[in-house]
Amino acid sequence: MNIVLFILLYFTLYFLIIRILKNIRLRFEKLEELEGEFIFTYLRKLSKRKSISVWKK
């Protein structure tokens, strides 16, 4: 009986750890997407500012 409980406990912990690691991986992917999007919008704003400053001259 103890062996069965140990195996059940082991598998539940194993699946919980896998689920947590997948969530962490997904969060990092979302952060990378947001960071890339942020850099892209920032570069876009910089290019607009440069074009406006050239147009004013």
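Everything numeric in this text was worked out from a predicted model, so none of it was measured.

1. As for the overall build of the protein
For the protein, the helix and strand inventory stands at 1 helix and 0 strands. Expressed as a percentage of the 57 residues in the protein, the buried residues total 0%. Only carbon and sulfur atoms are counted for the fraction: they give 69% of the accessible area of the protein, which is about 6300 Å².

2. Considering the packing of aromatic side chains
Here the distance between the centres and the angle between the planes together describe a pair of aromatic rings. Inspection of every chain in the model, using the stated rule, returns 3 aromatic pairs. Summarising the aromatic geometry, the rings of Tyr14 and Phe15 are spaced 5.6 Å apart at their centres and angled 70 degrees between planes, so their arrangement reads as edge-to-face. The class for Tyr14 is partly exposed, based on a relative accessible area of 42%. Cluster of aromatic residues (ring-pair linked, three or more members): Tyr10, Phe11, Tyr14 and Phe15.

3. What to know about a nonpolar patch on the surface
A contiguous nonpolar surface patch, about 870 Å² in accessible area, is contributed by Leu9, Leu13, Leu16, Ile17, Ile20, Leu21, Ile24, Phe28 and Leu31. Tracing the backbone shows Ile24 in helix H1 (residues 2-56). Judged by its relative accessible area of 36%, Ile24 falls in the partly exposed class.

The rules behind the values
- Residues numbered from 1 in each chain as written.
- Predicted model: local features only at pLDDT ≥ 70, side-chain atom pairs only at ≥ 80, totals over all residues.
- Heavy atoms only, no water.
- Helix = DSSP H or I, 4+ residues; strand = E, 2+ residues; numbered from the N terminus.
- Buried < 20%, exposed > 50% of the residue type's maximum accessible area, 1.4 Å probe, protein only.
- Areas by Shrake-Rupley, 256 points an atom, 1.4 Å probe, with all protein chains shown as cover.
- Phe/Tyr/Trp six-rings, centres within 6.5 Å; stacked < 30°, edge-to-face > 60°.
- Patch = residues over 30% accessible without salt bridge, like charges linked within 9 Å, V, L, I, M, F, W, Y side chains within 5 Å.
- Salt bridge = Lys/Arg side-chain N within 4 Å of Asp/Glu carboxyl O.

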